[in-house]
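An overview of the molecular structure
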Amino acid sequence: MALKQLVGQKILNEVIRSESNAEGTQWRIMIVDKLSLRMVSACTKMHEISAEGVTLVEDINKKREPLQSIDAIYLITPSEDSIRLLMRDFENLAKPMYKAAHVFFTEAIPDDLFDILRKGTVVKFMKSCKELSIAFIPYEAQVFTLDSPMNFQYAYSPARGSGRRDNMERIAEQIATLCVTLGEYPSIRYRSEWYGNFELAEMVQQKLDVYKKDEPTMGEGPEKARSQLLILDRGFDCVSPLLHELTFQAMAYDLLPIVNDVYKYVPSRHEAEKEVLLDENDELWAKLRHRHIAVVSKEVPERLALFNEKKRKETENQSVKGNLSQMIKRMPQYQKQLSNLSTHLHLAEDCMKRYQSYVNKLYQVEQDLATGIDADGEKIADIMRNVSPILLDQDVSNLDKVRIISLYVMIKNGIPEENFKTLVRHAQIEENEKDMIKNLTHLGINVITESNHERPYTVPRKPRTSQMSRWTPVIKDIMEDAIENTLDDSNFPFLGDRKVAGVHVPTSARFGNWRNNKSQTATKNVPRLIVFVVGGCSYSEIRCAYEVTAAKNWEVYIGSSHILTPNNFLGDLGSLNKE
């Protein structure tokens, strides 16, 4: 079952329809914070919530009008800010904000915050308090995020070192709640080259052990026993997030100003700007998003032509029959389908315009740099012959030049300082843009070197024939090797033997009946591979999760702190080392 469906069901069944609310007033209000608002928005529809008696959804951080005659459902993260705001709503015993509070935390509340909460006047109004174990955002059917781009800074910036462990604790809890939602107690393995992966793996294991103690059946079954959680740092592959992609979703998010998954376009000269949300509720988007732009550019017009022809014939038939009422009833459906096809036609055309205007002269050079071979499969002897014209071209943007230089540095495993200065000078990039390249060192990439550095371990690449790209993201090989049990154990070790019989798993006695997350939803009897990348994953890597799922009898889920486009990856790199 898709992550959005799982979380949506959990919110409806365990929060909105919970027994503790059944005896309350018929109409209720729902209070959310930043994370839970995104979760509710992604996984439920307002009409579903309204049908359950919730009249309004409000942000806990914003000023709200008192509604003392109705109950409030709080779905919030157990953070100091959210708990403080919850307590403030009921600090005046004579004039509380709401009649009563049904409090649901996205995850386990820390002991120190729990002690603060139970001493507040809010407890007099609390009819329930539960921990749900859903501290992540389901982004797509097999994709999740933690809604926390700052994780990149905490993981890799020396200036953020003091807050790194606390941040990792938070990430570990969020990953653990994903496993709980999927009903998984997976074996954990990690990339050993970055020590932070081991730290995070240990933290996740500790969190999972507590949940396992609370729900012993979690992860039971022969197929679930094979499930794995694989933790990677962003340094395992810095090539894929920088390349121009020619698949529909990755290309659109790279080249177009899509913000919060909203695509804006003007249908025609005489029409107003239109906004469209690109998500899985759009079946055509879900079908086309991983296809090559050339395929999309051909298929969408064909679909539009077929639709128009079908509509014309149906209209003629109805006119002959004189059934005007049927024609009128079908008009909204026609308009919706036509609008959907028009959206994707404009989206594909916008992508192709940008490709033809400048991406086409970058794409082949980037593929050469990424693979080290040309389109004919021959090793490239003088790569600079293709790179130099790009760096000297005044029509190429500075960020695209930064992408080219970064790829060149990586294929050379670092270059001398003087050579680096020459490249930067020719490209005429700014000081902050130069930092984007040099800060790759914080991810374990050799950038500046006076001698031949030993190359870090690289995953053996599988020979592939693809019409989409000569470069295949490294993560696809890692996913397949993990499933086939051929992933190198020394570079991707398992975390101990956590399944030894008789191990005592500590837990907190304070939970009592406050935790109620025992409903585990399993839909397919197949093992699962859950991949988490510390510091962002790219749309091309997301595509790989679906491709491997389709090819193997496994379900692959991928997630990170946030989804990367090439430009925000460069922005993340440029911000490293800054206070």
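In this report, the structure presented in the accompanying data block is examined. Only a predicted model underlies this, so the values are computations on that prediction, with no experimental measurement involved.

Examined against the element boundaries, Leu369 turns out to sit in helix α13 (residues 324-371). Of the residues examined, Leu369 reaches a relative accessible area of 2% and is grouped as buried. Along the chain, Leu369 and Leu407 lie 38 residues apart, while their C-alpha atoms are 6.0 Å from each other. For Leu369, the contacting residues outside a window of four places in its chain are Ile383, Val387, Ile404, Leu407, Tyr408 and Ile411.

What follows concerns the pairing of strand β4 (residues 98-105). When you tally the buried positions in β4, you get seven out of eight residues, the bulk of the element. Direction of pairing for strand β3 (residues 67-76) relative to β4: parallel, over a ladder of seven bridges. Across the sheet, Tyr74 pairs through a bridge with Val103, a residue of β4. For the crossover that starts at β3, traverses helix α5 (residues 80-88) and ends in the parallel β4, the hand is right-handed. Strand direction decides the pairing type here: β4 and strand β5 (residues 126-131), joined by five bridges, are parallel. Residue Val103 lies in a different strand from β5, and its bridge partner there is Cys129. This β-α-β element, β4 to helix α6 (residues 111-118) to β5, shows right-handed connectivity.

Strand pairing within a sheet occurs via backbone hydrogen bonds; the two strands may be parallel or antiparallel. Ordered by their spatial adjacency, five strands build an open sheet running β2-β1-β3-β4-β5, and the pairing between neighbours is parallel. Single-partner strands in this sheet number two, and they are β2 (54-59) and β5. On average, adjacent strands in this sheet sit at an angle of 20° to one another, irrespective of strand direction. Together, β1 (28-32) and β3 form the strand contacts of helix α3 (residues 34-43), whose direction differs from that of β1 by roughly 120°.

The end-to-end C-alpha distance of helix α1 (residues 3-16), which contains 14 residues, comes to 19 Å, matching closely the 20 Å that a straight helix rising 1.5 Å per residue would cover. Counting buried residues in α1 gives 11 out of 14 residues, a clear majority hidden from the surface. Those residues of α1 that fall on the buried side of the exposure criterion are Leu3, Lys4, Leu6, Val7, Gly8, Lys10, Ile11, Leu12, Glu14, Val15 and Ile16.

Direction of pairing for strand β8 (residues 187-190) relative to strand β9 (residues 228-233): parallel, over a ladder of four bridges. When the bridges of β9 are listed, Ser187 appears paired with Gln228. Between the parallel pair β8 and β9, the chain is carried across by helix α9 (residues 195-214), and the sense of this crossover is left-handed.

If you walk across this open sheet you meet the six strands as β6-β7-β14-β12-β9-β8, and the pairing is mixed. A strand with exactly one partner marks an edge of an open sheet, and here the two such strands are β6 (137-140) and β8. Neighbour-to-neighbour, the strand axes of this sheet turn through a mean angle of 25°, independent of strand direction. The pairing of strand β12 (residues 528-534) with strand β14 (residues 555-560) spans six bridges and is classified as parallel. Directly across from Val531, in β14, lies its bridge partner Ile558.

Rules of the game
Residues numbered from 1 in each chain as written. Predicted model: local features only at pLDDT ≥ 70, side-chain atom pairs only at ≥ 80, totals over all residues. Heavy atoms only, no water. Helix = DSSP H or I, 4+ residues; strand = E, 2+ residues; numbered from the N terminus. Buried < 20%, exposed > 50% of the residue type's maximum accessible area, 1.4 Å probe, protein only. Contact = heavy atoms within 4.5 Å. Pairing = 2+ DSSP bridges. Right-handed = clockwise from strand over helix to strand, strands pointing away. Axes fitted to C-alpha atoms, helices over the stretch in contact; angles between N-to-C directions. Expected span 1.5 Å × (residues − 1).

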